[in-house]
Amino acid sequence: MLRYSLRRLLIGAGMLLALSVLIFVMLRLTPGDPIDAYIDPNIPMSSSDLAELRATLGLDQPLPVQYLAWLREALTGNLGYSIKRPDQPVLGLVLSRVGPTVLLMGSAIAIAIIAGIATGIIGAVRRNSIADLSLSVFAVTGISSPPFLSALVGLYLLSVYFNWMPSGGMLTPGREFSVADLLHHLILPAALLAVAQTALIMRYMRASMLEVLNQDYVRTARAKGVFEFWVITKHALRNALLPVITLIGSTIGLAIGGAIFIESVFNWPGMGLLMVDAVEGRDYPVIMGSTLVIGACVIVVNILTDLAYAVVDPRIKVG
Amino acid sequence: MKRLQRLSSAIALAAMMATTAGPAFTGPAQAATLSGGFDVGPGGFQGNFNPLAATGGFTWLSIYFEPLVAYDEKLEKVVGQLASSYEVSSDQLTYTFKLADAKWHDGKPFTAKDAKFTIELAKNAKTGSVLAARLNAVSSVEAEDDKTLVIKLSAPSASLMDALTKVMMLPEHALSQIPADQLAKNTWWSTSPIGTGPFKFSKYVTDQYVELVANTDYRGGKPALEKIINRYFANPAAAIAALRAGEIQFTYVDSNDLNAFNNNQDFRVIEGNSFVVNYLGFNHDSPIWKDVRVRQAVMHAINRDAIIQSLYGGAAKAANCAYIADQVVPKGIENYVYDPEKAKQLLKEADWDEINGNKPITLLTYYTTPLAANVMAAVQAMLAQVGINVTPRAVDTPTYNSIVLNPTPDVAQFQMVYAGLQNGPDPGSINVGLNEKQIPPAGPNVARVRMPVLTAALDAALGETDAAKRDARYQEVCEVMNKELPWGPLWVAKRYGVASSKLKDFVWTPAPGGGPYQAHPEKWTIAD
């Protein structure tokens with residue numbers, strides 16, 4: 001187990017290195033550079049001023065020199081400074097955003113896992129009942145709704161119209177921090193982000209559970225007189241979870257995409273907003289730093305997914 | 001027993017959920033605290049705390065920093081702020097400022113040495129200052145005594161006062177130890193900046209909000225509000241949602257979002273000039289625009305009034321040169337009324353079929369809003385009616401800049417642009433977009449306008465030393481533009497802010513870059 005994890009981590013480090021090269025090259029191929037983003041068309045900056053700026057930012061160096069300079073600093077934990085906001089170290093910016101995004105996505109995924117698995121089981125056990133049909137309609141609607149549509153509808157209904165929830169932000173400005181305030185702001189975006197995930201997990205869980213419920217060992221358990229609740233939760237659920245774990249692991253990436261929209265609509269100060277803003281502003285160091293952090297998170301989640309297999313099914317050994 | 005534990009956990013969770021609902025029923029704004037989206041919209045610059053690097057965001061920066069001089073609240077003239085008075089010599093080469101009795105937020109006195117220090121920082125491109133080029137004419141800055149500052153110019157500059165409105169005074173005692181090229185990277189700006197304004201910096205919660213607290217020693221009187229909060233928003237829509245939900249009391253609003261606020265007693269709509277003239281730029285490096293009759297045809301082909309009424313909801317005014325302000329628009333200029341038949345006739349006279357015929361012309365813009373997309377579609381349809389085949393292309397600002405500011409551009413990528421140029425409050429603002437000496441890489445004359453008669457008129461206006469004659473000089477600029485059509489002027493749109501009705505004595509105007517102008521934040525109050 002340990003040796004397997006170490007090997008996966010080394011592979012992950014290699015992947016991060018490859019990712020950084022890829023992103024670096026793609027950034028330089030994109031039209032417009034940080035100077036082009038910095039310039040306001042109405043304000044004159046002489047060519048010498050621009051050359052000075054370019055030199056200060058290191059953009060006048062050959063590309064390999066720029067990349068190696070970045071890599072050298074990155075290996076010591078220094079991801080550089082935001083070009084748009086030069087008083088903000090990239091590492092500080094990114095770290096201040098990881099928490100909010102992890103909180104948002106973590107809450108959404110937790111909601112989705114609990115709700116998706118529960119409703120998936122209900123749908124399977126009560127196959128073709130009204131409950132099953134209702135949940136199926138919800139699932140199709142949820143899968144079909146883009147996150148930003150759910151977000152906008154939810155925002156205007158619950159915040160602007162009924163005034164039950166804050167319209168955005170992570171905390172109420174001007175107040176002392178409190179967990180209650182944070183949760184109050186978190187409920188709406190997390191729930192809406194969870195909608196599509198819940199629907200997806202529900203469908204997978206239902207299909208997987210149906211397959212498992214028809215297996216011989218389930219029939220044997222029932223024949224032994226095991227209480228139906230335990231038949232479902234102890235014998236059937238554990239096996240039915242395997243494909244759902246894979247699904248959950250692979251949808252982390254999708255959740256990041258959805259988080260960008262949710263963060264934009266709800267003004268949630270997470271990684272998604274940081275990335276979008278950095279791309280619009282061609283803030284190279286922030287894009288590089290953010291991408292590395294997101295890439296690292298995805299790699300770690302995939303490793304954890306593999307390890308989770310071994311926990312759920314002892315027959316699967318890793319290493 | 002396990003079931004009982006689960007039940008009690010569920011009850012605890014429900015109780016927590018119930019308590020979190022509490023805050024929703026109390027007023028989101030605390031007593032004497034104003035929250036707003038002060039950096040929302042084209043005049044904002046979220047996340048920037050350095051006035052030297054600011055290309056916008058002065059609405060917020062000028063609540064805690066102050067310049068020597070600023071525009072009045074109607075943006076009609078430049079008045080003293082940290083300078084209680086100023087004099088200009090008859091040859092327009094010596095500016096003398098008498099400074100007000102002001103204090104920095106840390107209690108130290110504001111002196112002429114601080115002003116000298118600040119202006120020298122602003123002139124130094126190494127600091128990251130975006131004002132260096134605009135202060136080129138300044139040859140020396142001297143602190144004659146603690147309250148007297150003398151600025152000398154190497155040549156008269158009619159735009160100097162406008163440039164000085166954007167130079168926020170910085171404390172020498174706090175910043176002089178930092179090397180110029182390290183200044184921009186210093187965390188002082190976002191952690192403990194020191195200004196002279198009616199409010200002082202309290203805290204910045206990264207990318208969420210900035211909080212200022214009242215400066216009770218302010219020379220203009222103790223502020224009525226205890227706190228002002230600048231909430232950060234990803235886009236105007238998020239700010240509008242917060243305003244409608246009652247969480248903030250002010251934000252910039254796009255003109256097509258005004259419907260929710262007109263005729264609503266809970267809100268006050270504030271209208272102002274954008275000071276940006278939208279135009280169709282003819283790339284002068286492309287031979288197809290050489291004949292003035294072709295340019296005239298473009299003007300006659302476009303129904304500006306229809307676009308203004310249907311797409312802008314009337315919130316724009318047609319322009320026939322770079323200006324619409326009465327004092328700089330002479331009487332008797334051509335109005336270029338919508339007349340597609342005349343446009344066709346002009347094209348025929350110019351032999352358009354030989355010049356270009358039906359070949360597609362790329363119309364490039366950096367405006368990516370739905371409104372701009374509709375404008376581009378309308379312009380495309382109107383030009384097509386008279387035989388000019390235009391292909392709109394909207395890109396983001398960095399891509400646009402990389403194309404149009406390229407010293408050796410691919411002309412085919414932007415034979416035409418739809419863009420905006422600041423035309424006031426200082427009428428000299430247009431110089432950067434039209435003067436031949438401002439063609440990239442020297443400046444942002446992106447249309448590569450090479451008209452000696454226009455350049456001469458601009459130079460004459462900028463060099464005019466008699467203030468009484470300056471308007472007439474700019475009228476000449478307008479006349480030349482109207483006659484020669486270096487580009488096709490379209491309109492100047494209005495911009496809007498919406499404030500809660502609870503907000504009293506609140507002053508806001510959509511100034512270019514957000515200001516600075518005299519908003520008197522110390523007088524703002526909020527009723528419960």
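You'll find the structure just up there.
Residues numbered from 1 in each chain as written. Chains lettered and ligands numbered in written order. Predicted model: local features only at pLDDT ≥ 70, side-chain atom pairs only at ≥ 80, totals over all residues. Heavy atoms only, no water.

(A) View of the state of the cysteines. Residues and elements named next belong to chain B. Taken as a whole and judged by the stated rule, the model has one disulfide over all chains. Note on cysteine connectivity: Cys-321 is disulfide-linked to Cys-478, with sulfurs 2.2 Å apart. Taking the sign of the S-S torsion, -95 degrees for the link of Cys-321 and Cys-478, the bridge is left-handed. One end of the pair, Cys-321, is in the loop between strand E13 (316-318) and helix H10 (340-349); the other, Cys-478, is in helix H16 (residues 467-484), and 157 residues separate them in sequence. For Cys-321, a relative accessible area of 0% translates into the label buried. (Disulfide = S-S within 2.5 Å. Helix = DSSP H or I, 4+ residues; strand = E, 2+ residues; numbered from the N terminus. Buried < 20%, exposed > 50% of the residue type's maximum accessible area, 1.4 Å probe, protein only.)

(B) Seen up close, the packing of aromatic side chains. The full count for this structure, using the stated rule, is 29 aromatic pairs over all chains. Taken together, a centroid distance of 6.3 Å and an interplanar angle of 0 degrees make the contact between Phe38(B) and Trp524(B) stacked. Taken together, the residues span a long stretch of sequence, with Phe38(B) in the loop between strand E1 (33-37) and helix H2 (58-64) and Trp524(B) in the loop between strand E18 (503-504) and strand E19 (525-526) at a distance of 486 residues. Residue class for Phe38(B) comes out buried when judged on its relative accessible area of 4%. Judged by relative accessible area, Trp524(B) falls into the buried class, the value being 1%. Residues Phe250(B) and Phe506(B) carry aromatic rings whose centres are separated by 4.9 Å and whose planes lie at 55 degrees to one another, so their mutual orientation is tilted. You can see Phe250(B) sitting in strand E11 (residues 250-253) and its partner Phe506(B) sitting in the loop between E18 and E19, a full 256 residues away along the chain. Counting every residue linked through ring pairs, the aromatic cluster contains Phe38(B), Phe49(B), Trp60(B), Tyr64(B), Phe65(B), Phe201(B), Tyr204(B), Tyr232(B), Phe250(B), Phe506(B), Trp508(B) and Trp524(B). The ring of Tyr81(A) is capped by Lys185(B), whose NZ or CZ atom sits 5.3 Å from the centre of that ring. (Phe/Tyr/Trp six-rings, centres within 6.5 Å; stacked < 30°, edge-to-face > 60°. Lys NZ or Arg CZ within 6 Å of the ring centre and 35° of its normal.)

(C) The pairing of E1(B), seen in detail. Residue and element names in this part refer to chain B. Counting buried positions along E1 yields five of five residues, so the element is predominantly enclosed. Alternating positions in E1 separate into two faces, Thr-33, Ser-35 and Gly-37 on one and Leu-34 and Gly-36 on the other, with burial throughout. Summarising the sheet, E1 and E11 pair through two bridges and their orientation is parallel. The residue bridging Gly-36 from the neighbouring strand is Phe-250, located in E11. (Pairing = 2+ DSSP bridges.)

(D) Highlighting the pairing of strand E4 (residues 83-88) of chain B. All names here are of chain B. Looking at chain direction, E4 and strand E5 (residues 94-99) are connected through five bridges and run antiparallel. Note that in E5 the partner of Glu-87 across the bridge is Thr-96. Where E4 folds back onto E5 in an antiparallel hairpin, the turn is made up of five residues, including Gln-92, whose phi is positive at roughly 65 degrees.

(E) How the structure looks around a nonpolar patch on the surface. All names here are of chain A. Nonpolar side chains collect at one region of the surface, where Phe-148, Leu-149, Leu-152, Val-153, Tyr-156, Leu-157, Tyr-161, Phe-162, Trp-164 and Phe-261 lie side by side and expose about 990 Å² of accessible area between them. For the nonpolar patch, the element with the highest residue contribution is helix H7 (residues 147-161), accounting for seven residues. Tracing the backbone shows Tyr-156 in helix H7. (Patch = residues over 30% accessible without salt bridge, like charges linked within 9 Å, V, L, I, M, F, W, Y side chains within 5 Å. Areas by Shrake-Rupley, 256 points an atom, 1.4 Å probe, with all protein chains shown as cover. Salt bridge = Lys/Arg side-chain N within 4 Å of Asp/Glu carboxyl O.)

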